[in-house]
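# Secondary and tertiary structure notes
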Amino acid sequence: MNDTPISRAANATPPTVARKIKGLSDRAIAWIFVGPTIFLLLAINIFPLIWTINLSFTNFRANRLNREVEYVGLRNYERILTDSDIWLNMQATAHFLFWTIFFQVVIGFTLAYLINKKFKGNDLWTTIIVLPMMLSPAVVGNFWKFLYQPQIGLFNYIIAFFTGKEPSSFEMLGSVDLAPWSIVIVDTWMWTPFVMLICLAGLRSIPDYIYEAAEVDRASKLRQFFTITIPMILPFLMLAILFRGIENFKMFDLVVQLTGGGPGSTTELTSINLKREAFEKWRTGYASAYAIILFVTVFGLASIYVKALNKVKER
Amino acid sequence: MSSFSVTEPSKSSKWFAGTLVITYALITMIPLAWIMLTGFKSPSDAISYPPKVFFEPTLEGYVNLFTTRTRQTDEFLAANPPENWYEDIVRQYDMVIAGPSKFGERFLNSVIIGFGSTFLSIFLGTLAAYAFSRFKIPLADDLLFFILSTRMMPPIAVAIPIFLMYRQLGLSDTHLGMILLYTAVNISLAVWLLKGFIDEIPREYEEAALIDGYTRFQAFYKVVLPQAATGIASTAIFCLIFAWNEYAFAVLLTSGTAQTAPPFIPTIIGVGGLDWPAVAAGATIFLLPVMIFTVALRKHLLRGITFGAVRK
């Protein structure tokens, strides 16, 4: 993980050589300055993580503190990996990830490409488009639930208006087929601007002279698009996908408010399932093992992905 | 300036692009506009079919959001005429205002925890960022990556032990506990962003100050801090927005005293189920500050959400 674009960006600024002038030595100041941050992260992130790993080998239940805790070895892991319901949740999560990223990349890139045409007032419209992303996912989920109401909701009314169906004839949140799409729609509404912003940064980083050279060579606009724009923007797109992937994998607040995992368990993404195991069924040891599996999955996938990303960037 | 450029889009393509983008922006605004409108509807207008775009505006939703109400006897109502406009609204339903609702309290919690954790993240983050930017720290890259990686962790994965740990330390459901927690989540963002801003300040300024006889510490707060003020301000707003919007930790680790507004807003119950105008009013009040900040922040947006990994 050491060769990420992020750590390489950090490398770009070499630290100054420590000097000793007046007062405390630079080395002492450095430790005083960095120390509290590291301490806080160790106390509130790393220590709990190690604790989670430890708990994952036990049958501990947080609502029964007096009960004796037994170490059960890998039994929790074994049970999770052989549980078919959990594989269904994983599948639901994978579908959700695939479709949200697909729509966000397609729409986000298109918007960025259009905004890059520098039409009048594009700054204002860009700011408006970006707004949903800055809001609280829980509150957003809650008010989309209102929009999705089959009888009174605006969403059904608008769709019905354009398709000629009865607004109450389809229930976005209540139907097994539509509920997963209802989440995809809200997530796309909320996070397309994120992909758009990154693409926009990518497009703006392409120097004009490349297009000018292509023009001299009489390359058609379409050809310029596929041989210059797309390859140059690819690393940015991949970075956007990475960020969205990590965020959506741990998606919780939006879905809890919108569907609460239902109907049945059609929209029960892994993080919702995890919350249920940990804070409703209080199977703490089991939930800890589940959390570790998810965490390792995200890290594993992210690091493989970052390797691929770096290859693309080197081309 | 007036020289012909092949990369300048043609007029018609600008028109085309502008129309499409504006259409998207308007569609994107519909849900937001609708929720704000709903806040000014009466409960019956809010759930009428077909959805009403034109209606008689009322502040009922806002009154219901901030108060609890009880039904009263006819004699009491006759003997005590309403004294102000908000009592007047409640009277239409034969009710009287019994007291403030929990919304004010939860909103105040959001403010305390949001600003508290922002202050702490900025304070610690600026110090760390300065050290990373200016001093030779062993394993600096690894430390920086470690700091960033803490953000990848799903909140629920660490929520269980934090829950247990906080219970032991007496920090569960306290403002301090939530402030420390949000600080830990935000500090990665703060350090990365601030390091970027401080890196851009020329070292020569400090060196001149050091030669003038300032100590390293004086040089830091008299020379570097004022230069980094804009960067610090925009980083602070990003930290604030995150702490403001956070839901998972708030709902898992707090039950009342220190609970912020996001878990509360969806639970505002009226007579027949959720009181949608009150929920909408709460959402509107809660969203407005973020919307204002977003407009103010638009130049720094990209850097803030990507930790500066994409350079603009």
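Small disclaimer: the values here were computed from a predicted structure and weren't measured.

Now for the overall build of chain B. A tally of regular secondary structure across chain B gives 16 helices and 4 strands. In terms of overall size, chain B is more extended than a compact globule, its C-alpha atoms giving a radius of gyration of 25 Å where 312 residues would be expected to give roughly 20 Å. The C-alpha extent of chain B, read off along each of the three principal axes, is 80 × 65 × 40 Å. Within chain B, counting contacts between residues at least 6 apart in sequence, those at least 24 apart form 73% of the total. Accessible surface, chain B as shown: approximately 13,800 Å² in total, 66% of it carbon and sulfur. Between the averaged position of the 22 positive side-chain charges in chain B and that of its 22 negative side-chain charges there is a distance of 10 Å.

With that out of the way, let us pick up a nonpolar patch on the surface. On the surface, I158, F161 and F162 of chain A together with I27 and I30 of chain B cluster together into a nonpolar patch covering about 540 Å² of accessible area. Mapped onto the nonpolar patch, the elements with two or more residues apiece are helix 7 (154–163) of chain A together with helix 1 (11–38) of chain B.

We now examine the packing of helix 9 (residues 208–216) of chain A against helix 10 (residues 221–249) of chain A. All names here are of chain A. Direction vectors running N to C along helix 9 and helix 10 enclose 150 degrees, while the axes themselves pass 11 Å from each other. Classified by the angle between their axes, helix 9 and helix 10 sit roughly antiparallel to one another. Crossing geometry of helix 9 relative to helix 10 is assigned as right-handed. Residues I210, Y211, A214 and E215 of helix 9 touch helix 10, and the partners they reach there are K221, Q224, I228, T229 and M232.

Glancing now at the interface of chain A and chain B. On the chain B side, the residues contacting the 107 residues of chain A number 113 residues. Taken together, both faces of the contact between chain A and chain B bury some 10,200 Å²; the carbon and sulfur share is 79%. Inspection of the chain A/chain B interface yields 1 salt bridge. Among the salt bridges present, the one from D26 of chain A reaches R216 of chain B, with a minimum N-O distance of 3.1 Å. In this assembly, chain A and chain B are joined by 7 residue pairs in polar contact (both at pLDDT 80 or more). Ranked by the residues each element gives to the side of chain A that touches chain B, the list is headed by helix 2 (residues 26–55) of chain A, at 22 residues.

Residues and elements named next belong to chain B. UniProt annotation of "transmembrane region" (unreviewed entry) refers to residues 15–37, 111–132, 144–166, 178–198, 219–244 and 276–297 when read in the numbering used here. Across residues 15–37, the secondary structure splits into 100% helix and 0% strand, with the terminal C-alpha atoms separated by 31 Å. For residues 111–132, the helix share is 100%, the strand share is 0%, and the end-to-end C-alpha distance is 30 Å.

With that settled, consider the packing of helix 2 of chain A against helix 6 (residues 103–134) of chain B. For the pair helix 2 of chain A and helix 6 of chain B, the least separation of the axes is 8 Å and the interaxial angle reads 125 degrees. On the basis of the axis angle, helix 2 of chain A is oblique to helix 6 of chain B. Crossing hand, helix 2 of chain A versus helix 6 of chain B: left-handed. Across the interface between the two elements, A30, F33, V34, P36, T37 and L40 of chain A of helix 2 of chain A pack against L124, L127, A128, Y130, A131 and F132 of chain B of helix 6 of chain B. The residue makeup of the contact of helix 2 of chain A with helix 6 of chain B, split by class, is 11 nonpolar, 1 polar and no charged.

All names here are of chain A. With numbering matched to this structure, UniProt assigns "transmembrane region" (unreviewed entry) to residues 28–51, 96–115, 124–144, 178–203, 224–246 and 287–306. Taken as a whole, residues 96–115 contains 100% helix and 0% strand, while its terminal C-alpha atoms sit 28 Å from one another. Here residues 124–144 is 71% helix and 0% strand, with 25 Å between the C-alpha atoms at its ends.

Residues and elements named next belong to chain A. Among the secondary structure elements, T267 is positioned in the loop between helix 11 (253–258) and helix 12 (270–279). Of the residues examined, T267 reaches a relative accessible area of 2% and is grouped as buried. Leave out the neighbours within four places in its chain, and T267 touches A179, P180, I183, V255, T259, G261, G262 and I272.

Now for unusual backbone geometry. Residues and elements named next belong to chain A. Residue P263 is reached from G262 by a cis peptide bond, and omega for that bond is -5 degrees. The residue P263 is located in the loop between helix 11 and helix 12 in this model. The backbone of R218 sits at a positive phi, close to 60 degrees, despite the residue not being glycine. Residue classification places R218 among the exposed positions, given a relative accessible area of 77%.

Okay, the UniProt feature "domain: ABC transmembrane type-1" (unreviewed entry) in chain A next. Residues given the UniProt feature "domain: ABC transmembrane type-1" (unreviewed entry) here are residues 90–305 of chain A. With 74% helix and 0% strand, residues 90–305 of chain A has end C-alpha atoms that lie 19 Å from one another.

With that settled, consider the pattern of salt bridges. Summed over all chains, the structure comprises 14 salt bridges over all chains. Note that R276 of chain A is salt-bridged to E280 of chain A, the shortest N-O span being 3.5 Å. Each of the salt bridges in this network shares a partner with another, and the network as a whole consists of D26 of chain A together with R134, E206 and R216 of chain B.

Criteria and thresholds
- Residues numbered from 1 in each chain as written.
- Chains lettered and ligands numbered in written order.
- Predicted model: local features only at pLDDT ≥ 70, side-chain atom pairs only at ≥ 80, totals over all residues.
- Heavy atoms only, no water.
- Helix = DSSP H or I, 4+ residues; strand = E, 2+ residues; numbered from the N terminus.
- Rg over C-alpha atoms; globule rule 2.2 N^0.38 Å.
- Contact = heavy atoms within 4.5 Å.
- Areas by Shrake-Rupley, 256 points an atom, 1.4 Å probe, with all protein chains shown as cover.
- Lys, Arg positive; Asp, Glu negative; His and termini not counted.
- Charge placed at Lys NZ, Arg CZ, Asp CG, Glu CD.
- Patch = residues over 30% accessible without salt bridge, like charges linked within 9 Å, V, L, I, M, F, W, Y side chains within 5 Å.
- Salt bridge = Lys/Arg side-chain N within 4 Å of Asp/Glu carboxyl O.
- Axes fitted to C-alpha atoms, helices over the stretch in contact; angles between N-to-C directions.
- Parallel < 35°, antiparallel > 145°, perpendicular 65-115°, else oblique.
- Left-handed = near helix turned anticlockwise from the far one by under 90°.
- Buried area = accessible area lost by both parts, 1.4 Å probe.
- Polar contact = N/O pair within 3.5 Å; in protein donor to acceptor, adjacent residues only side chain to side chain.
- UniProt positions renumbered as here; feature names shortened; annotations may be inferred.
- Nonpolar A, V, L, I, M, F, W, Y, C, P; charged D, E, K, R; others polar.
- Buried < 20%, exposed > 50% of the residue type's maximum accessible area, 1.4 Å probe, protein only.

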